[in-house]
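Spelled out, the chains give:
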Amino acid sequence: MWVAPRASLWPRRCWPRPRDEGGALNGVYHEPPGVDFSGAVADGLRKRLAGEPPEAIARVTILVNTARMARRLEAALRQGGATLLPRIGLVSDLTMLLPATDWPAPGPSPLAIRLELTRLVAALLRTRPDLSPPAASFDLATGLAALLAEIAEEGLGADALERIDPGPLSEHWQRNLDFLRIATDWADRPDQTGPRAALDTLIARWRDAPPDDAIIVAGSTASRAPTRALMRAVAALPRGAVILPGLDAEMPEAAWGDLLDGDHGPGGAQDHPQYRLAAFLHDLGLSRADCPRWGHTLPAAPARNRLVSLALRPAPATDAWRREGPALTDLPAACAGLTLLEAPSPAEEAAAIATGLRGALRAGQRAALITPDRNLARQVTAHLDRWGIIPDDSAGRPLVQSAPGRLLTLSAELRGRPLEAEGLVALLKHPLTHSGGARAAHLRRARQMECDLLRRGPCPFPDRARFEGWDEARDEWSAWLGALLDRIAGQPAEATLAAHLEAHQALVDALATGSAPQDEATHGLWADEAGRAASRVLRGLSEAAFARGEEPISAADYARVLRALLSEEEVRETFRPHPDVMIWGALEARVRTADLVILGGLNDGTWPEQPSPDPWLNRAMRDAAGLRLPDRVIGLSAHDFEQAIAGPRVWLSRAIRDGEADTVPSRWLNRITGLLGGLGGAAGQQLDAMRERGQVWLRRAAMLDAPDRRHNTAKAPRPAPAPPVSARPTRISVTQVERLIRDPYAIYARAVLGLSPLDPLRQAPDARQRGIALHGAMERFADAQLGPETAAHLAALLEEEMQRTTPWPGQRSLWRGAFGRALPDLLTAETARRATGRPLTEVKGALDLVDPPVTLVARADRMDLRDDSIAIYDYKTGAPPSAKQQRVFAKQLSLEAMMVSEGAFDGLPDRPVQEVAYLRIGSQYDEVGLKTADLDPVALRTELSDLLRRFTTDAPYTARLLPAYLADRGEYDDLSRLGEWDETQRARLQDVGHG
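Residues numbered from 1 in each chain as written. Predicted model: local features only at pLDDT ≥ 70, side-chain atom pairs only at ≥ 80, totals over all residues. Heavy atoms only, no water.

Further remarks concern the sheet that holds strand β14 (residues 596-599). The parallel open sheet is built from six strands, whose spatial order is β6-β15-β14-β7-β13-β8. Taken across any chain shown, the strands that pair with only one partner, and hence form the sheet edges, are β6 (338-343) and β8 (392-393). In this sheet, strand β15 (residues 649-655) lies alongside β14 in parallel orientation, the contact comprising four bridges. When the sheet's bridge partners are listed, Leu596 is paired in β15 with Arg649. Sheet strands touched by helix α26 (residues 681-704): β6 and β15. Its angle to β6, the strand with the most contacts, is close to 60°. (Pairing = 2+ DSSP bridges. Helix = DSSP H or I, 4+ residues; strand = E, 2+ residues; numbered from the N terminus. Contact = heavy atoms within 4.5 Å. Axes fitted to C-alpha atoms, helices over the stretch in contact; angles between N-to-C directions.)

In structure tokens form, the structure reads like this:
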């Protein structure tokens, strides 16, 4: 075995290695795209150790880039039969290479560093409020911690910032630079020991005493400086090997050399999939000829590798398409396994992908969806559920979306502010709440409280007093809920981070335990994998809370910190997924292969994902400091794509539209389709065939949701129920007459079926509550004497009513301002009315009709008694109906006038009605009334009798007969299944309740 002399072991540009002859185990090797990388590593290792004792493999150390690849490599080694296994670890974990005694003293945890940086950033935001709101301090500290870690990883120091010329920078970036100098000085403290020190210790030890056992680094692209340094050190060991994944051996040497050319941008074509591999080999002084194959497995589609290699040339070099494109004579072989699926929408894309995965299973094949789009992955998982298929999702799901994560975040976000009805119901119905016992009884009581208390009348901020006023059971559950409401109300609005955490944990334990005795309670909050992961997050936050110091923070800031930490963790909950259906991230393409690989979400912004904006350094500043550029992320994603597309059967899938906008195809998909389309002829035919194969699966997916005539899947008709006469209402109010004209179905639902809609849980101030407050204030004001203090008295009355009915301070302030603008004109008009009449409020009346036998009832907001007449008024906070609308639809006041003429209001003198008007008291004051000629009581009586006679005999209650606006939505539109029909369709008569 050839060994380098010790003196030349660590030069920057290493020696060229001789070509591999099948048995060497030192140097740099590669595997091309389209090869089962884990299997190739295992096969190559077995061949190189074929002549050595069986225990030799146990002395080999293999470092890989992901835990999943480590598991896959172990499985590949076991496939060869009974064997000892090498030590397999991660390139980011050096514990198996460096004894614990040689590790530097551990510094603060990454979370403690972020929390301490949060204090630093919060101080910055207090002096620079234009930079960002104070609530963003933790997020900014997270970005700052990542920047400081990157500076340490790249082996740079505080002097890196001095390379940035502040002259051309705007004032914003210059201030950032000044702050970063402070932060880097802070990071250079002796207690800030990073993992780079352990790597330096390991390399120094190897320099003095190289290990005798083989060490292999497999699957890494050397994209990070510590990994790159480790790979260089391993490549220089006498028994060290580096295996590069997906090296493109098809690219011409001139194009390969151009990847590092500065003409492509700072540092070269960093967005190219082969850039990192080319830079690593160049750094070692090696060419691709000096980097032989590790194994001997043939790629799945060599012709496609050549096609993709040409298509993904750097943008300035695409002129090679014209020169080299005609030489691609094996395009049928390259495109035979490709399917191009261009779906009209993301929903249709997900349905087609799920159908394709199901089709692969029917054919006895293994299939995988590879996508960085987690929304698409979740949609595909939902579609697969129709066949009872649970895919093996490598990413799991974010901890914040798990049951423990949702309970923690929901309860944290309710702390330190008034409890809202929606949040309370979400807490009580959470699957882990009251899991200590009697869960069914708890849900029954919680649903009863929701329907009877929270959804009947305004109750936006429930508290113990409101609950006890409703509850009559007074049992253990009542006591538990009352104590829980007290505990939520007692949560601190401001406290130290440690105090927030302690109070929050006590609240969560009370929620999960329920009303069971504390010494007998066992709940499931921390029982499963997600619960244990959430417990670790809380424990880590508790251990790092000291870094935040004794400075108090708000409950909202605590909730933001907790949500951020839970969002960073992913959990794979215990279940039995289907072994042949997988959902992988882009990195998984290096690890495993499948018979069918679907690359989903191939739109720009997803593949590649847009680099996250850096709030601290712009692109030019990062380049000057020697830090990684955003193009690096695109290049790594491009390498993953090049690996994934090299399988035997591959779908390239995207949605043409997302929401209301057209999407942009992924730049790599654009390159491939552009090359094939530009070549024309046979290449164009292959592209058309790829698209047609995609259309086939779109049509198949659409058939799954097509109506089946064997079942009653037709849309509901526009309803027009006709109940028997005995079931029809015989009492109606003047305010319901307009509803009977416009939407008879609403009268049927309320008066015949006895259904009343529930109030929404997410309660917000609306026109109804504003009207209630105004009516209450004006009713009380009717008895007041006018004088110098009248304006202040009326404003005080309105404030009292708003305090009683509207528990939203912000909305009260808006309404108070609007009412103040209308107040002068209102008092002027009120003075004139008081001079001619005496106001009566909430006047009740009833009129018994004979034909049909219906009782018409009314409660007038206000009637003014004048010497020789009566005036009828109604208060409106919004726009009142016009005079034309009052004549045809809004007949409330005219019907009240008719009832006055017939003596339907007890206690009113026999006087004619001379004025009918709506008094608008909103942001301005206005009056809209009817002329006396429109108040003919005989005509009104006849018109009303005709209307009521129809609906008390045989007329159907048609849904949305004459809506004011088609966009308006009524309380019973869901019941009538609006959406399956519209107003242009003829209503279908439905005899209900007969026989």
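Moving on from the model shown.
This part is about the nonpolar core. With 58 residues, the main nonpolar core has Met449, Leu454, Leu481 and Leu541 as its most contacted residues. When sequence neighbours within four positions are dropped, the list of residues in contact with Leu481 reads Leu428, Met449 and Phe467. With 47 residues, the next largest nonpolar core counts Ile732, Leu849, Met899 and Val916 among its residues. (Core = buried A, V, L, I, M, F, W, Y, C linked by side-chain atoms within 4.5 Å. Buried < 20%, exposed > 50% of the residue type's maximum accessible area, 1.4 Å probe, protein only.)

Spatial strand order, β1-β5-β4-β2-β3: five strands in an open sheet with parallel pairing. The sheet terminates laterally at β1 (27-31) and β3 (87-90), the two strands that pair on one side only. The sheet shows a mean angle of 20° between the axes of neighbouring strands, direction not considered. Summarising the sheet, strand β2 (residues 61-64) and β3 pair through four bridges and their orientation is parallel. Bridged to Leu63 within β3 is Gly89. Packed on one face of the sheet, helix α1 (residues 37-48) meets β1, β2, β4 (215-218) and β5 (240-245) and runs near 150° to β5. Strands β1, β2, β4 and β5 of the sheet are contacted by helix α7 (residues 225-235), whose axis makes an angle of about 130° with β5.

Working definition: an aromatic ring pair is given by the centre-to-centre distance plus the angle between the planes. Counted according to the given criterion, the structure contains eleven aromatic pairs. Arranged with centres 5.9 Å apart and planes meeting at 80°, the rings of Trp607 and Phe641 form a pair that is edge-to-face. Of the two residues, Trp607 sits in the loop between β14 and α23 (619-625) while Phe641 sits in helix α24 (residues 631-644), which places them 34 residues apart along the sequence. According to the relative accessible area criterion, Trp607 is buried, its value standing at 1%. Accessibility expressed as a relative area gives 0% for Phe641, which makes it buried. Through a chain of ring-to-ring contacts, three or more aromatic side chains come together here, namely Phe467, Trp470, Trp477 and Trp480. Stacked on the ring of Trp387, the Lys or Arg Arg386 has its end atom at 5.6 Å from the ring centre. Cation over ring: Arg742 sits above Phe889, and NZ or CZ is 3.8 Å from the ring centre. (Phe/Tyr/Trp six-rings, centres within 6.5 Å; stacked < 30°, edge-to-face > 60°. Lys NZ or Arg CZ within 6 Å of the ring centre and 35° of its normal.)

Next up on the list: the pairing of strand β7 (residues 367-370). On β7, burial covers both faces: Ala367 and Leu369 on one face and Ala368 and Ile370 on the other are all buried. Sheet topology note: the β7/strand β13 (residues 581-584) ladder contains four bridges and is parallel. Bridge pairing in β13 links Ala367 to Val581. One ladder, built from four bridges, connects β7 with β14; its direction is parallel.

On to empty space enclosed by the protein, then. Under the defined criterion, the tally for this structure stands at five cavities of 30 Å³ or more. Counted as a void, the largest cavity has a volume near 110 Å³. Lining the largest cavity are 13 residues, and of these Pro729, Ile732, Leu740, Leu948 and Thr952 sit closest to its centre. Elements represented by at least two residues in the lining of the largest cavity include exactly β19 (731-733), α27 (734-742), α28 (744-752) and α34 (937-951). Looking at the lining of the largest cavity residue by residue, the classes come out as nine nonpolar, three polar and one charged. Considered as a void within the structure, the second largest cavity measures approximately 90 Å³ in volume. Elements supplying a minimum of two residues to the lining of the second largest cavity: α29 (767-781), α30 (790-805) and α31 (809-836). Considering every element that reaches the lining of the second largest cavity, the biggest residue donor is α29, with three residues. Here the residues of the lining of the second largest cavity sort into seven nonpolar, two polar and one charged. (1 Å grid on protein atoms, 1.4 Å probe; cavity = no way out; pocket = protein on both sides within 12 Å on 5 of 7 lines; lining within 4 Å. Points joined across faces, edges and corners; volume = space filled by probe spheres on them. Nonpolar A, V, L, I, M, F, W, Y, C, P; charged D, E, K, R; others polar.)

Attention now moves to the packing of helix α15 (residues 403-413) against helix α22 (residues 555-568). The description of two helices packed together rests on the angle between their axes and the distance between the axes. It is the contact of α15 with α22, at a shortest axis distance of 8 Å, that shows an interaxial angle of 165°. In terms of orientation, α15 lies roughly antiparallel with respect to α22. Between α15 and α22 lies a crossing whose hand is left-handed. Between α15, through Gly405, Leu408, Thr409, Ala412 and Glu413, and α22, the contact on the second element is made entirely by Ala555, Tyr558, Ala559, Leu562, Arg563 and Leu566. Looking at side-chain class alone, the contact of α15 with α22 contains seven nonpolar, two polar and two charged residues. (Parallel < 35°, antiparallel > 145°, perpendicular 65-115°, else oblique. Left-handed = near helix turned anticlockwise from the far one by under 90°.)

Our focus in this paragraph is the environment of Glu801. Note on placement: Glu801 falls in helix α30. Residues Glu801 and Ala764, 37 residues apart in the sequence, show an inter-C-alpha distance of 17 Å. Beyond its immediate stretch of four places on either side in the chain, Glu801 contacts Ala773, Gly776, Ala777 and Arg780.

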